[in-house]
2 protein chains.
Amino acid sequence: MIRITLLGSGNVAQHLIKAFTKSETIEIVQVYSRKKENLASLIDFDKIVNDFEELKEADLYIIAVSDKAIAEVSRQLPFQNRIVVHTSGAASLDVLDVKNRKGVFYPLQTFSKSKEIDFSTVPMCLEAENTFDFKVLETAAKSISNVVHAINSDQRKALHVAAVFVNNFTNHLYQIGHEICEEHQVPFEILKPLIQETAEKINTLDPIYAQTGPAKRNDSTTIDVHLDYLSNENQKNIYKILTQSIQNNGKKL
Amino acid sequence: MIRITLLGSGNVAQHLIKAFTKSETIEIVQVYSRKKENLASLIDFDKIVNDFEELKEADLYIIAVSDKAIAEVSRQLPFQNRIVVHTSGAASLDVLDVKNRKGVFYPLQTFSKSKEIDFSTVPMCLEAENTFDFKVLETAAKSISNVVHAINSDQRKALHVAAVFVNNFTNHLYQIGHEICEEHQVPFEILKPLIQETAEKINTLDPIYAQTGPAKRNDSTTIDVHLDYLSNENQKNIYKILTQSIQNNGKKL
Ligand SMILES: NC(=O)c1ccc[n+]([C@@H]2O[C@H](COP(=O)([O-])OP(=O)(O)OC[C@H]3O[C@@H](n4cnc5c(N)ncnc54)[C@H](OP(=O)(O)O)[C@@H]3O)[C@@H](O)[C@H]2O)c1
Ligand SMILES: NC(=O)c1ccc[n+]([C@@H]2O[C@H](COP(=O)([O-])OP(=O)(O)OC[C@H]3O[C@@H](n4cnc5c(N)ncnc54)[C@H](OP(=O)(O)O)[C@@H]3O)[C@@H](O)[C@H]2O)c1
């Protein structure tokens, strides 16, 4: 049994509370939240605290607050030499105060409060300063997920940057597709099966082999037609740069 | 019962043969293929022809050959005033020879021979020159798919351009994510659940509302860290342009 205290009441904190509550090997000792009522529906009200001085002993403290607040929260903890981790892909290990044993417990997924997540498939990226602490993080991670990786700070940075490309930037391309549909009065719905299939394809095929389209085929007629059709300079520019990048990629194969 | 002849033996032709074969309201009269053996495993060998002169009468001729070959194939058809359609998102209606009644039967999905597709969810985008011909296309399309739309040439062009963004360009972003992972020795596998979730999210949320990440939050510290981390100039450039585009988008909300 690992005794865990969470700090934060946002997307990640709430999903972790739900996941740990279901696990039989985890006991949630307390949850720190500036506004207790944020968590009232998720956990025993007695376990919610809004004063660091009320924090009891636990095996593991998970700070799931905004990146900018991690340092401040870790500094305010009124104890030392315990395992204190953050959940951020972007923040370095060193934003955590040195008085405790630092670590990272980064769930590589996109969370929003309104959407349920099957935590068992969320890759958990873990980092600790020593083997004992790592084991504690590993046991906690395995209690909620089947996918657990040791990821050092450099690798985590790589994953975070890569995640910006495959998640944030990809969503922005969906948004551009949406805009083009709206401009020409076509329902965006029609593109949804294609979007799903594009994402699914890379489960069985490396993206470089899954690449198709006019840029891949060096079909300059279609590329010119498309550039001519796009009325928005920003869309045109993105079209050109990604087409160029795919064409350069082709040369690597 | 609609009697259909297909011309072509590539990805789309093969998927259409499989789908129509399962349908009870469709009879495949013949399939034209330059190399008969390409289709031997899919259909009665007697029905495969490689000479246009052998083509029998049918209610509908579907030309599923490379975009560049559509005009030539339609010109070589030894009959007139029948319904002849192509399956391309990119080609105009007018590439088809005027001697027959022109139309489009465009399945908006990405096909590869090695991967099965559930045709019932593939959006079928149809265009014809008159109501009667449209009804024939509609009946044929509904026999294999639950998603059938009347799409004129301008709308089809919009969909095709939008598809380049959400499919070809998105796959290229996956490829960049893959490269970043390889460079830093992290398994690309770890990003796959995030990729699936990003695609799934827009089934319930418009992409503009699903947008997250440093660009959306105007988190210039993280953006600078990422740009500094990327060693590849092309990746840096794409990162900058998409970040800028998301930031400009934010102003629209
Ligand atoms: N969202 C994701 O998809 C995702 C995925 C993986 C990792 N992460 C990481 O997980 C962490 C939390 O992200 P999130 O998405 O859960 O954020 P969020 O939903 O925006 O919630 C932020 C939380 O931080 C608290 N907070 C902010 N400033 C604070 C301060 N000075 N003192 C105490 N608490 C403070 C907020 O409390 P109030 O409600 O009182 O303001 C809130 O509970 C971040 O490090 C993030 O990088 C997020
Ligand atoms: N693949 C997709 O994801 C997709 C999706 C929607 C629509 N489409 C459209 O569907 C059509 C076919 O695409 P595809 O992906 O099936 O292509 P493909 O797999 O590359 O197959 C092309 C076919 O065209 C034939 N062909 C090429 N030149 C020819 C000529 N001069 N005379 C006769 N036949 C010729 C080829 O015959 P040989 O084998 O004898 O060379 C082959 O059967 C295109 O208009 C495409 O835009 C494709």
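Reading guide: rules and limits
Residues numbered from 1 in each chain as written. Chains lettered and ligands numbered in written order. Predicted model: local features only at pLDDT ≥ 70, side-chain atom pairs only at ≥ 80, totals over all residues. Heavy atoms only, no water. Contact = heavy atoms within 4.5 Å. Buried area = accessible area lost by both parts, 1.4 Å probe. Salt bridge = Lys/Arg side-chain N within 4 Å of Asp/Glu carboxyl O. Core = buried A, V, L, I, M, F, W, Y, C linked by side-chain atoms within 4.5 Å. Buried < 20%, exposed > 50% of the residue type's maximum accessible area, 1.4 Å probe, protein only. Near = heavy atom within 4 Å. Polar contact = N/O pair within 3.5 Å; in protein donor to acceptor, adjacent residues only side chain to side chain. Areas by Shrake-Rupley, 256 points an atom, 1.4 Å probe, with all protein chains shown as cover. Helix = DSSP H or I, 4+ residues; strand = E, 2+ residues; numbered from the N terminus. 1 Å grid on protein atoms, 1.4 Å probe; cavity = no way out; pocket = protein on both sides within 12 Å on 5 of 7 lines; lining within 4 Å. Sits in = over half its atoms within 2 Å of the grid points. Domains from an automatic or database assignment. Nonpolar A, V, L, I, M, F, W, Y, C, P; charged D, E, K, R; others polar. Pairing = 2+ DSSP bridges. Axes fitted to C-alpha atoms, helices over the stretch in contact; angles between N-to-C directions. Expected span 1.5 Å × (residues − 1).

**What to know about the interface of chain B and chain A**
So, step 1. Contact residues are listed per partner, giving 83 residues for chain B and 84 residues for chain A.
So, step 2. Summed over both sides, the interface between chain B and chain A buries roughly 8200 Å², with carbon and sulfur atoms accounting for 66% of that surface.
So, step 3. Between chain B and chain A we count four salt bridges in total.
So, step 4. Between Glu197 of chain B and Lys115 of chain A there is a salt bridge, and its shortest N-O distance comes to 3.1 Å.

**Describing the nonpolar core**
So, step 1. Phe165 and Leu191 of chain A together with Phe165 and Leu191 of chain B are the most contacted members of the largest nonpolar core, which has 76 residues in total.
So, step 2. In this view, Phe165 of chain A contacts Thr170 of chain A together with Leu173, Ile176, Ile180, Leu230, Gln235, Ile238 and Tyr239 of chain B; residues no more than four positions away in its chain are not counted.
So, step 3. Counting residues in each nonpolar core, the second largest holds 32 residues, with Leu6, Ile17, Ala19 and Leu126 of chain B among its members.

**Describing the site of ligand 2**
Residue and element names in this part refer to chain B.
So, step 1. Near ligand 2 lie 23 residues; those nearest to it are Ser9, Val12, Arg34, Asp67 and Phe111.
So, step 2. At a separation of 2.8 Å, an oxygen atom of ligand 2 approaches a polar backbone atom of Val12.
So, step 3. At 3.4 Å, a side-chain N or O of Lys35 approaches an oxygen atom of ligand 2.
So, step 4. In isolation ligand 2 has 900 Å² of accessible area, and contact with the protein removes 77% of it.
So, step 5. When residues of the shell around ligand 2 are assigned to their parent elements, the largest contribution, three residues, is made by helix H2 (residues 70-76).

**Focus on the site of ligand 1**
All names here are of chain A.
So, step 1. Within the structure, ligand 1 sits among 23 residues, and Ser9, Val12, Arg34, Asp67 and Phe111 are positioned closest to it.
So, step 2. One of the backbone nitrogen or oxygen atoms of Val12 is found 2.8 Å away from an oxygen atom of ligand 1.
So, step 3. Between ligand 1 and the protein, one listed contact pairs an oxygen atom with a side-chain N or O atom of Asp67 at 2.5 Å.
So, step 4. The cavity where ligand 1 resides is the second largest pocket.
So, step 5. Within the residue set of the shell around ligand 1, elements represented by two or more residues are helix H1 (11-22), helix H2 (70-76) and strand E6 (101-107).
So, step 6. No other element matches the three residues that H2 contributes to the shell around ligand 1.

**Quick notes on the domain arrangement of chain A**
All names here are of chain A.
So, step 1. Its domain assignment divides chain A into domain 1 (2-151) and domain 2 (156-250).
So, step 2. Listed as interface residues are 14 residues of domain 1 and, on the opposing side, four residues of domain 2.
So, step 3. Together, the buried faces of domain 1 and domain 2 total about 680 Å²; carbon and sulfur atoms form 61% of this surface.
So, step 4. Remark: the boundary between domain 1 and domain 2 carries one salt bridge.
So, step 5. For Arg156, the salt bridge goes to Glu127, with nearest N and O atoms at 2.7 Å.
So, step 6. The interface formed by domain 1 and domain 2 holds three residue pairs in polar contact (both at pLDDT 80 or more) in total.
So, step 7. Listed by contribution, the elements that provide at least two residues to the side of domain 1 that touches domain 2 are E6 and strand E7 (124-128).
So, step 8. In terms of residue class, the side of domain 1 that touches domain 2 is made up of eight nonpolar, five polar and one charged.

**Description of the sheet that holds strand E3 (residues 48-49) of chain A**
Residues and elements named next belong to chain A.
So, step 1. Spatially, the eight strands line up as an open sheet ordered E3-E2-E1-E4-E5-E6-E7-E8, and their pairing is mixed. With one partner strand each, in any of the chains shown, E3 and strand E8 (148-150) form the two edges of the open sheet.
So, step 2. Across two bridges, strand E2 (residues 26-32) lies against E3 in parallel orientation. The residue bridging Tyr32 from the neighbouring strand is Val49, located in E3.
So, step 3. Its contacts with the sheet put H1 on strand E1 (2-7), E2, strand E4 (60-63) and E6, and the angle it makes with E2 is roughly 150°.

**Regarding helix H3 (residues 131-142) of chain A**
All names here are of chain A.
So, step 1. Compared with the 16 Å implied by 1.5 Å per residue over 12 residues, the 16 Å span of H3 between its first and last C-alpha is a close match.
So, step 2. Taken together, the buried positions of H3 are Asp133, Phe134, Val136, Leu137, Glu138, Ala140 and Ala141.
So, step 3. Where H3 begins, the side chain of Asn130 points an oxygen toward the backbone nitrogen of Phe132, at a separation of 3.1 Å.

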